[in-house]
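Examining the three-dimensional arrangement
One-letter residues, chain by chain:
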Amino acid sequence: MIDLSSVSDWIWLGSVFLRLLVAVVLGGLVGYEREQANRPAGFRTHILVSLGSALVLVTAEYMTNIYSPQISLDPTRLGAQVVSGIGFLGAGVIIRNGSSVKGLTTAASLWAVCCIGLACGSGFYAGAAMATLFTVVTLITLKRLEK
């Protein structure tokens with residue numbers, strides 16, 4: 001359990017706050033582009049996906065720290081479930097109209113933001129920042145190139 005009289009617990013809580021904040025900011029950067037493109041999953045959706053996935057890994061770390069003396073836990077299992085489960089949310093934004101399909105890029109950006117959130121949740125900020133940069137550049141630059 002967290003003991004708020006312990007300095008190390010306050011440091012860990014600060015780390016959790018930073019991880020969640022970075023997930024919100026990076027997810028928001030991707031979501032902002034989707035919002036500007038008038039896509040069904042925009043700014044808030046991308047932030048929530050990134051934040052939720054970061055929280056899952058922080059929770060996995062917390063559970064591992066609390067319960068590891070009693071039982072053996074694999075903290076990556078929760079993150080793996082998030083990666084597969086995000087497909088349901090992504091499928092909800094894909095719309096087929098005859099031979100035309102819309103929403104694939106938004107679904108892919110939700111999956112990418114989920115992974116960015118997982119990276120933030122694990123404290124891998126450099127990877128999360130690089131993935132955010134590549135995602136935003138892909139969404140903005142390649143859209144222009146396609147036209």
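Keep in mind that this is a model prediction, so the values were computed, not measured.

**Side note on the overall build of the protein chain**
Regarding its fold elements, the protein chain presents five helices and two strands. Along its sequence from the N terminus, the protein chain presents helices and strands in the succession α-α-α-β-β-α-α. By principal-axis analysis of the C-alpha atoms, the protein chain measures approximately 55 × 25 × 20 Å. Counting every position in the protein chain, which comprises 147 residues, the buried fraction comes to 35%.

**Some details on helix α5 (residues 125–146)**
With 22 residues, α5 should reach 32 Å at 1.5 Å per residue; the first-to-last C-alpha distance of 31 Å fits that figure. If you check which residues of α5 are buried, you get Gly 127, Ala 128, Thr 132, Thr 135, Val 136 and Leu 139. Looking at the packing, one finds that the buried side of α5 touches α1 (7–36) and α4 (104–122).

**Quick notes on the pattern of salt bridges**
With the rule as written, the count across this model stands at two salt bridges. A salt bridge links Arg 19 to Glu 61; the nearest nitrogen and oxygen atoms lie 2.5 Å apart. You can see Arg 19 sitting in helix α1 and its partner Glu 61 sitting in helix α2 (residues 43–67), a full 42 residues away along the chain. The class of Arg 19 is buried, set by a relative accessible area of 10%. Given a relative accessible area of 23%, Glu 61 falls into the partly exposed group. Of the charged contacts, one joins Arg 34 and Glu 33 as a salt bridge, the two residues approaching to 2.8 Å between their closest N and O atoms. Arg 34 sits in the buried class, given a relative accessible area of 4%.

**Things to note about the environment of Arg 77**
When you line up the elements, Arg 77 lands in helix α3 (residues 76–92). For Arg 77 and Pro 40, which are 37 residues apart along the polypeptide, the C-alpha to C-alpha distance reads 30 Å.

**Examining a nonpolar patch on the surface**
On the surface, Met 63, Tyr 67, Ile 71, Leu 73 and Leu 78 cluster together into a nonpolar patch covering about 410 Å² of accessible area. Mapped onto the elements of the fold, Leu 73 is located in the loop between α2 and α3. Under the relative-accessibility criterion, Leu 73 is labelled partly exposed at 33%.

**Digging into the nonpolar core**
Looking at soluble globular proteins, one finds that nonpolar side chains tend to be buried together. In terms of nonpolar packing, the biggest core is built from 26 residues, with Val 30, Val 49, Cys 114, Ile 116, Cys 120 and Ala 128 touching the most fellow members. Taken together, the elements giving at least two residues each to this core come down to α1, α2, α3, α4 and α5. In terms of residues, this core owes the most to one element, α4, which gives eight residues. Not counting residues up to four positions away in its chain, the partners in contact with Cys 120 are Arg 19, Val 22, Ala 23, Leu 26, Ala 54, Tyr 125 and Ala 128.

**Some details on the side chain of His 46**
Take His 46: it is sitting in helix α2. The class of His 46 is buried, set by a relative accessible area of 0%.

**Notes on the packing of α3 against α4**
Packing of α3 against α4 leaves a shortest axis separation of 9 Å and a crossing angle of 160°. Here α3 lies roughly antiparallel to α4, going by the angle between them. Handedness of the crossing formed by α3 with α4: right-handed. For the pair α3 and α4, contact is made by Gly 79, Val 82, Val 83, Ile 86, Leu 89 and Gly 90 and by Ala 107, Leu 110, Trp 111, Cys 114 and Leu 118, respectively. A breakdown of the residues in the contact of α3 with α4 according to their chemical character gives nine nonpolar, two polar and no charged.

What counts as what
- All chains use their own residue numbering, which begins from 1 and follows the written sequence.
- Local features in this predicted model are restricted to residues whose pLDDT is 70 or higher, and side-chain atom pairs enter the listing and the counts only when it is 80 or higher, whereas totals over whole chains, interfaces and linings include all residues.
- Note that the side-chain values use all heavy atoms of the structure and ignore hydrogens as well as water.
- Numbering of helices and strands starts at the N terminus; helices are DSSP runs of H or I of at least 4 residues and strands are runs of E of at least 2.
- For every residue, the accessible area obtained with a 1.4 Å probe (protein chains only) is divided by the maximum for its type, and the residue is called buried under 20%, exposed over 50%, and partly exposed between those limits.
- Helix span, as expected, comes to 1.5 Å for every residue beyond the first.
- In what follows, a contact means two residues having at least one pair of non-hydrogen atoms within 4.5 Å.
- When a carboxyl oxygen of Asp or Glu lies within 4 Å of a side-chain nitrogen of Lys or Arg, that pair is called a salt bridge.
- Surface patches are defined over residues having more than 30% relative accessible area and no salt bridge, joining like charges when they lie within 9 Å and nonpolar side chains (Val, Leu, Ile, Met, Phe, Trp, Tyr) when within 5 Å.
- Per-residue accessibility takes into account occlusion by the displayed protein chains alone, with areas from the Shrake-Rupley method and a 1.4 Å probe.
- Throughout, nonpolar core names a set of buried Ala, Val, Leu, Ile, Met, Phe, Trp, Tyr and Cys residues whose side chains join them through atoms within 4.5 Å.
- In this analysis, axes come from line fits to C-alpha atoms, helices being fitted only over the stretch in contact, and the angle between any two N-to-C directions falls in the range 0 to 180 degrees.
- What sets the label is the angle itself: under 35 degrees gives roughly parallel, over 145 gives roughly antiparallel, 65 to 115 gives roughly perpendicular, and the rest give oblique.
- Crossing chirality is assigned from the near helix's rotation relative to the far helix, an anticlockwise turn below a right angle marking it left-handed and a clockwise turn marking it right-handed.
- Residues are sorted three ways: Asp, Glu, Lys and Arg are charged, Ala, Val, Leu, Ile, Met, Phe, Trp, Tyr, Cys and Pro are nonpolar, and all the rest, Gly among them, are polar.

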